[in-house]
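Given next are the chains, with one letter for each unit.
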Amino acid sequence: MAKASVALNRFGLGGRPGDAPGADPAHWVLDQFDRYEARPQAIAALAPSSRIASDLADYLREVRLLQREKRNNALAKPAMETEPAMRGSAMQPMVMSAEEKADDPIAQARRRAREQGRDHYANAVSARALTALNSPAPFVERLVHFWSNHFAVSADQLTMFGLAGSFEFEAVRPHVLGKFGDMLHAVERHPAMLVYLDQAQSVGPNSPFGQAGARRRQKAGLNENLAREILELHTLGVRTGYSQADVTEFARAMTGWTVAGLGRDRGPDYADAGAAGSFVFAPQLHEPGMRTILGKSWGQQGGAQAAAVLDLLATHPATARHIATKLARHFAGDEPPPALVGKLETAFLRSDGDLPTVYRALVEAPECWVARPVKFKSPWEWTISALRGLGAQQLPRWR
């Protein structure tokens, strides 16, 4: 590969007609920092997560009311209607026909919410592709995709269909040329992440909410999914010295981090907590007390406790090593040169996680400019680069 090809493909998303890296391809790549748009037109036109979450909150509220009504109606039925031969009994399990589903208000509400979420998801996919096709800063767009993969969420649940796209647009894109710590905080507070990893439902056993539930013999437990993901994938990386006790303690510190309208904050105390989908700290859910995480004591109160842990993780040497290895692997092959990893790690630590500083070290490293191809393009990259090479500015209509 010529250096121009490396600049266009390894660092970018494929060349468009007229793209010319010139005599200094590395300078051409770095100049793209000034041409990057965090909210290009295709993305700015989309529904924000607040609107998507508001629709989801309306759906969840409707379903709860319908389920309550259904239970009340079932309790009000005469005893003679509960004979063993009745459809829905143990002898004859309830299997709703298509006609019955069409008349079932809960099934109808679920179908409407699913269709609405799929529309949001399809619009987000189209906007992402259009941005990649037309961006004058393909290197930065590639970095956006890198970080979205690093902080991955899934769209395989009804509540996640619409939020998955807004996650990249709202939590990753604004911070891709900033500090890693700022991106980390934005990602972990976004409704998509809090819902996807069940943090919005996590309850401290000794919190006011947890104790009230215990008195009613209702179990509402601690959820460790987000805490584990942060330590294992988002920051330190696997096998870097943290223990199961650290995961549990971090999960306790994070209790109370939830989402307005979509978590356990639906009571009247949170009527003024913010728009649906906004980050909320709910003190009623927070596990009180001091935490011990990574050998340090954390005595901060409320939501500040988990935030302080994130600050430490954002600039931790293990985080620097983890991020440096992943970036090197992405741009220099699945078995990246140790020297390159070391350069990126040093740049991360010396700059306190300033991402442009790390990117400059990456682009200036000769290990990234080797002539031999080091990576296959993913199907997404291949498609985008093919369309860019053809000069496409709009997505083709698939039949």
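These figures come from a predicted structure and were not determined experimentally. (Residues numbered from 1 in each chain as written. Predicted model: local features only at pLDDT ≥ 70, side-chain atom pairs only at ≥ 80, totals over all residues. Heavy atoms only, no water.)

Chemist: I'm lost on the overall build of the protein in this one. Help?
Modeler: Within the protein, the secondary structure is distributed over 18 helices and 4 strands. Once the C-alpha set of the protein is aligned to its principal axes, its extents read approximately 85 × 60 × 40 Å. Looking at the 399 residues of the protein, the share that counts as buried comes to 46%. Taking all contacts inside the protein whose residues are at least 6 apart in sequence as the whole, residues at least 24 apart take part in 72%. Element-wise, carbon and sulfur atoms account for 53% of the exposed surface of the protein, whose accessible area totals about 20,000 Å². Across the protein, the mean location of the 47 positive side-chain charges is 2 Å away from that of the 42 negative side-chain charges. (Helix = DSSP H or I, 4+ residues; strand = E, 2+ residues; numbered from the N terminus. Buried < 20%, exposed > 50% of the residue type's maximum accessible area, 1.4 Å probe, protein only. Contact = heavy atoms within 4.5 Å. Areas by Shrake-Rupley, 256 points an atom, 1.4 Å probe, with all protein chains shown as cover. Lys, Arg positive; Asp, Glu negative; His and termini not counted. Charge placed at Lys NZ, Arg CZ, Asp CG, Glu CD.)

Chemist: Can you help me understand the side chain of Glu 168 in this one?
Modeler: Assignment of secondary structure puts Glu 168 in helix α8 (residues 163–172). In this structure Glu 168 comes out as buried when scored by relative accessible area, which is 7%. A polar contact is formed between the side chain of Glu 168 and the side chain of Ser 148, at a distance of 2.8 Å. With residues near it in sequence (within four places) discarded, Glu 168 still touches Arg 128, Val 144, His 145, Ser 148 and Arg 173. (Polar contact = N/O pair within 3.5 Å; in protein donor to acceptor, adjacent residues only side chain to side chain.)

Chemist: Explain the packing of helix α12 (residues 225–234) against helix α13 (residues 244–254) here, please?
Modeler: The description of two helices packed together rests on the angle between their axes and the distance between the axes. Orientation of α12 relative to α13, taken along the N-to-C sense of each, is 125°, at an axis distance of 8 Å. Considering the angle they form, α12 stands oblique to α13. Considering the relative orientation of α12 and α13, their crossing is right-handed. Judged by residue contacts, Leu 226, Ala 227, Arg 228, Ile 230 and Leu 231 of α12 engage Gln 244, Asp 246, Val 247, Phe 250, Ala 251 and Met 254 from α13. Among the residues making up the contact of α12 with α13, the classes are represented as 8 nonpolar, 1 polar and 2 charged. (Axes fitted to C-alpha atoms, helices over the stretch in contact; angles between N-to-C directions. Parallel < 35°, antiparallel > 145°, perpendicular 65-115°, else oblique. Left-handed = near helix turned anticlockwise from the far one by under 90°. Nonpolar A, V, L, I, M, F, W, Y, C, P; charged D, E, K, R; others polar.)

Chemist: Just checking my understanding: could you explain helix α1 (residues 3–10) for this structure?
Modeler: Each full turn of the α-helix corresponds to 3.6 residues, which orients residues three or four apart in the same direction. Residues of α1 that are buried: Val 6, Ala 7, Leu 8 and Arg 10. Of the surrounding secondary structure, the elements contacted by the buried residues of α1 are α2 (25–30), α7 (138–150) and α15 (317–332).

Chemist: Explain unusual backbone geometry here, please?
Modeler: Most peptide bonds take the trans configuration, and most residues that are not glycine carry a negative phi. Here Asp 198, not a glycine, exhibits a phi torsion of approximately 65°, which is positive. Residue Asp 198 is classed as partly exposed on the basis of its relative accessible area, which comes to 31%.

Chemist: Where do I start with the nonpolar core in this structure?
Modeler: As a rule of thumb, soluble globular proteins bury nonpolar side chains together. Core analysis: the biggest nonpolar cluster contains 92 residues, and Phe 11, Phe 139, Trp 147 and Phe 250 have the highest contact counts within it. Setting aside residues up to four positions removed in sequence, Phe 11 forms contacts with Val 6, Val 29, Pro 138, Phe 139, Arg 142, Phe 331, Leu 362, Val 363, Cys 368 and Trp 369. (Core = buried A, V, L, I, M, F, W, Y, C linked by side-chain atoms within 4.5 Å.)

Chemist: Would you explain the pattern of salt bridges in this entry?
Modeler: Pairs can form between side chains of opposite charge whenever their charged atoms are close. For the coordinates displayed, the defined rule picks out 13 salt bridges. Across the salt bridge formed by Glu 224 and Arg 228, the nearest N and O atoms sit 3.0 Å from each other. Arg 228 sits in the partly exposed class, given a relative accessible area of 30%. Glu 249 serves as the salt-bridge partner of Arg 252, at 2.7 Å between the closest nitrogen and oxygen. Taken as a pair, Arg 252 and Glu 249 lie in helix α13 at a separation of 3 residues, close to a single helical turn. Through salt bridges that share partners, Arg 16, Asp 19 and Arg 388 make up one connected network. (Salt bridge = Lys/Arg side-chain N within 4 Å of Asp/Glu carboxyl O.)

Chemist: I'm lost on the packing of aromatic side chains in this one. Help?
Modeler: Each pair of aromatic rings is reported with the distance of its centres and the angle of its planes. Tallied over the full model, the rule gives 13 aromatic pairs. Taking 5.7 Å as the distance between ring centres and 45° as the angle between the ring planes, the aromatic pair formed by Trp 147 and Phe 180 counts as tilted. One end of the pair, Trp 147, is in helix α7; the other, Phe 180, is in helix α9 (residues 180–189), with 33 residues separating them in the sequence. Assessed through its relative accessible area of 0%, Trp 147 is described here as buried. With relative accessibility at 0%, the residue Phe 180 sits in the buried group. Relative to Phe 279, the ring of Trp 257 lies with its centre 5.1 Å away and its plane at 80°, an arrangement referred to as edge-to-face. (Phe/Tyr/Trp six-rings, centres within 6.5 Å; stacked < 30°, edge-to-face > 60°.)

The analysis is restricted to geometry; functional conclusions fall outside its scope.
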